[in-house]
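The lines below spell out each chain.
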Amino acid sequence: MDFVTMNILESTLVSICREMGIVLMKTSYSTIFNEALDFTCGLADMNGDLVAVADYCPAQIGGMPLLVRSCLQEIPTSELEEGDIVLHNDPYRGGLHTPEHTFFKPVFVDGELMGFAVAIGHLAEVGGMAPGGFCGEATEIFHEGLRIPPVKIKKRGEDNIEVWKLLLANVRTPRQNYGDLRALIAAVDLGEKQLLQVFRKYGKSKVRETTRDLLLYSERRMRAELETIPDGIYSFADFIESDGIEDRQHVIHVDVHKMGAEIVVDYTGSSEQAAGPINGTLGVATSAAYNAILHLTDPSIPRNSGCFRPIRVVAPPGTIVNVNFPAPEVGGNTDTHPRIVGAVMGALSKGVPNRVMAAEGATHGNFVFGGTDAETGEYFACYDIEVVGWGGRSFADGNDAVDSINGNCRIIPIEVFETRFPWRIEELELTTDSGGPGMHRGGLGYQKTLLCLNEQITCSQMTDRHLLAPWGLNGGGEGGKGATLVQKSGSTAWQTMIEAYGKRSTSRYSNVSIRKGDRVRMRTPGGGGFGDPKARPPGLVAEDIREGYVSEEAARKLYGYRGELK
Amino acid sequence: MKFSRNGLYIENYTKCTNCGVLIYEAYSKNHVYHEGKIYCSQWCVDWKIKRELRTQQARRET
């Protein structure tokens, strides 16, 4: 192995992936891409093994190998030609959830298939029964938007017009979607172009040998990391409070079998698949296990299919972690996914206690809305990510107001949000006392209040943690719960969605009609605390009080703070 | 995965009984049948037994 060339090549490939993401961000139309960055770009070899990926959305990083493999089983490499681009979003065929659209473009060198450029992005509008794709009351996949099996959206470099027409006829925002789909194509076009330059510089055999070595290197590094975790069976269970349809909890159960340099993540014992849209797909179950283990191991290990080889995932079909057709699934990748990550990390907290954080908020808020803009007459739709507190760690407090663990996305800046959509954000602030008490305090969630400026906006949401708080670790306390409230125009009362609109759930609802002058207030969960709060140095508690992170009352009650405040 | 005769739609999503991966029988070289059920590989047949043994042993040790 030529270690120097391997390092240079690995950095080059990762840079290409990052550049693909920048093109996607800069050329897309929707805020979910150009502000939130809800996408990932990668490069795969001719077998579909991931060789490099950019650090955008972790959910899609772990899902990419399965996605490419599934596509290649339906469109064999013998049927791929130069200039083809394959599109796919089917959650039952390796996808993560319906909004996630995967594009992959074969890269040919002298007529020989040498690899793939891959881009995955979450489209803000996909049709279905609710604007924005997140229908909290869906009971089957057909409510959740257009499902696309692997199809060629471009053939030999030419648009497949029939596919485009079908795609754009089935969404509420065809102009936006057209721009976003073009941005994803631009990303894989750039990936192909840059990868061809790498092949020209190093030659086919050198690149092939070096990427093979790179995958083996990552595998060896991951095996060495896993060796440091004591052998055993580590178990954990976490609960999702409701599926929006039935008023009952669903369990995510995980047994992590650590055996030498390998690990089996086994979800046997998890609840049967739910009636509502909280079911994870196989892609989710796989990606969540990878995501958790990447969080607990050396971050300098190159992310590729090699580092996933020592990890096996057992996700029994027909359960909440591996949904069967035709049950709904859109919230599986946004709410169940981070909960699975948390469950795997919770299990491993018994083996590597100092590497695991307490529970994070584990939801992206998923506030989606759509309507016709009174000024432009054009239909708008938006997927608005709400951010949460992360859990306290053995060495630090949790992060405040960041996207959940599988997203790594940004919130839309207020100025952009108010320019693009007919809302005014009246309030956006960290929620005092939402971080779980601990020697290392949980991160804070936030509270956001929106005033509706349009005659009418149709809103839906798919979130969690309104009833069950994020757990603490090693004696740390629970993080704060979330809430969504509505204040109707002319009223001073704040009501839940159950109270105001007769919905089944406060956290999962669809197609609520918000009128001009109505307000929506969302409070997101905070992270759990790590370690005994009484062991938190009084100086830090005093600082928390001064900064408004912790109230004086909570400081005295939960932290045993006895100091005077200046 | 069972496709329709014309190849245009899926009649049955075939998954491994144990680990849940999709099995495209036309391409899979490793899938096996055990007690009337399909598994993606012999590893998955063996894992069901091994898991039970490991769990019992862990219970005894605690």
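Residue numbering note: each chain is counted from 1, following its sequence as written. To label them, take the chains in the order written and letter them from A, then take the ligands in the order written and number them from 1. With the structure being a predicted model, the display of local features is reserved for residues of pLDDT at least 70 and the display and counting of side-chain atom pairs for 80 or more, all residues being used for whole-chain, interface and lining totals.

Chemist: Can you tell me about the overall build of chain B, naming the residues and giving the values?
Modeler: For chain B, the count of helices and strands is one helix and four strands. Dimensions of chain B, computed from the C-alpha atoms along their principal axes, are close to 55 × 20 × 15 Å. Whether a residue is buried, exposed or partly exposed follows from its count of other C-beta atoms within 10 Å of its own C-beta, namely 20 or more, 12 or fewer, or something in between, respectively; the C-beta atoms are built from the backbone. Buried residues in chain B amount to 23% of all 62 residues. By definition, residues are in contact whenever their C-beta atoms, placed on the basis of the backbone, come within 7 Å of each other. For chain B, long-range pairs separated by at least 24 residues make up 13% of all intrachain contacts whose partners lie at least 6 apart in sequence. Here a strand is any run of E in DSSP of at least two residues, a helix any run of H or I of at least four, and the numbering for each starts at the N terminus.

Chemist: An account of the overall build of chain A is requested, with residue identities and associated values reported.
Modeler: Along its length, chain A carries 13 helices and 19 strands. The globule rule used here is 2.2 Å times the number of residues to the 0.38 power, and the radius of gyration it is set against is calculated over C-alpha atoms. Over its C-alpha trace chain A gives a radius of gyration of 23 Å, about what one expects of a compact globule, namely 24 Å for 566 residues. Once the C-alpha set of chain A is aligned to its principal axes, its extents read approximately 75 × 60 × 45 Å. When each of the 566 residues of chain A is scored for burial, the buried share is 60%.

Chemist: How would you sum up the sheet that holds strand S1 (residues 39-45) of chain A? Please name residues and give values.
Modeler: All names here are of chain A. Any two strands with at least two DSSP-identified bridges between them are counted as paired. Strand order in this open sheet of seven strands is S2-S1-S5-S4-S3-S6-S7, and the pairing throughout is antiparallel. Either end of the sheet is taken by a strand with one partner, and the two such strands are strand S2 (50-53) and strand S7 (158-159). Both strand S3 (residues 85-88) and strand S6 (residues 151-155) contribute to a ladder of three bridges, which runs antiparallel. In the strand pairing of S6, Val86 is matched with Lys152. This element, helix H6 (residues 204-227), spans S1, S2, strand S4 (100-109) and strand S5 (112-122) of the sheet and lies at about 85 degrees to S2. For helices, the fitted line uses only the C-alpha atoms of the stretch in contact; every axis is such a line through C-alpha atoms, and the angle between N-to-C directions lies from 0 to 180 degrees.

Chemist: Kindly report on the nonpolar core, identifying the contributing residues and their values.
Modeler: By our criterion, buried Ala, Val, Leu, Ile, Met, Phe, Trp, Tyr and Cys residues that link up through C-beta atoms within 7 Å make up a nonpolar core. By size, the foremost hydrophobic cluster in this structure holds 165 residues, and its most contacted members are Val118, Ala119 and Val344 of chain A. Among all residues touching Val344 of chain A, those that are not within four sequence positions of it are Val254, Val256, Val265, Ala288, Ala289 and Ala292 of chain A.

Chemist: Give a detailed account of the packing of helix H3 (residues 58-74) of chain A against helix H7 (residues 282-296) of chain A, specifying residues and quantitative values.
Modeler: Each pair of packed helices can be summarised by the angle the axes make with each other and by the distance between the axes. Residue and element names in this part refer to chain A. Two elements in contact, H3 and H7, have axes whose closest approach is 8 Å; the angle formed by their N-to-C orientations is 120 degrees. Taken together, the axes of H3 and H7 are oblique relative to one another. Our pair here, H3 against H7, has a crossing hand that is right-handed. Along its contact with H3, which presents Pro58, Ala59, Gly62, Gly63, Leu66 and Leu67, the element H7 presents Leu282, Gly283, Thr286, Ser287, Tyr290 and Asn291. Charged means Asp, Glu, Lys or Arg here, nonpolar means Ala, Val, Leu, Ile, Met, Phe, Trp, Tyr, Cys or Pro, and polar covers whatever is left, Gly included. Counted by class, the contact of H3 with H7 contains six nonpolar, six polar and no charged residues. The scheme is simple: roughly parallel for angles under 35 degrees, roughly antiparallel for over 145, roughly perpendicular for 65 to 115, oblique for anything else. Less than a right angle of anticlockwise turn of the near helix away from the far helix marks a crossing as left-handed, whereas a clockwise turn marks it as right-handed.

Chemist: Could you give me a rundown of the pairing of S6 of chain A, with the residues and numbers involved?
Modeler: Residues and elements named next belong to chain A. Judged from the two bridges that link them, S6 and S7 form a sheet pairing that is antiparallel. Within the sheet, the bridge partner assigned to Lys154 lies in S7 and is Asp159. The hairpin turn running from S6 into S7, its antiparallel successor, is two residues long, and Arg156 in that turn takes a positive phi close to 50 degrees.

Chemist: Summarise helix H1 (residues 42-61) of chain B; cite the residues concerned and give the values.
Modeler: Note that an α-helix has 3.6 residues per turn; residues three or four places apart therefore point the same way. The end-to-end C-alpha separation of H1 of chain B is 28 Å, in line with the 28 Å expected for 20 residues at 1.5 Å each. Note on bend: at a given residue it equals the angle between the axes fitted to the 7 residues ending there and to the 7 starting there. Along its length, H1 of chain B shows its largest kink, about 30 degrees, at Lys48 of chain B. Residue count minus one, scaled by 1.5 Å, sets the expected span of a helix.

Chemist: I'd like to hear about the environment of Glu478 of chain A, residue by residue, with values.
Modeler: Residues and elements named next belong to chain A. Looking at the secondary structure, you find Glu478 in the loop between strand S16 (456-462) and strand S17 (483-487). Look at Glu478 and you get buried, because 21 C-beta atoms sit within 10 Å. Considered as a pair, Glu478 and Asp384 are 94 residues apart in the sequence and their alpha carbons are 26 Å apart. Those residues in contact with Glu478 that lie beyond four places of it in its chain are Gly436, Ala469, Pro470, Trp471, Gly472 and Gly528.

Chemist: Any chance you could break down the interface of chain B and chain A for me, citing the residues and the numbers?
Modeler: Tallying the contact residues gives 14 residues for chain B and 17 residues for chain A. Taken together, the residues that form the side of chain B that touches chain A break down as eight nonpolar, three polar and three charged.

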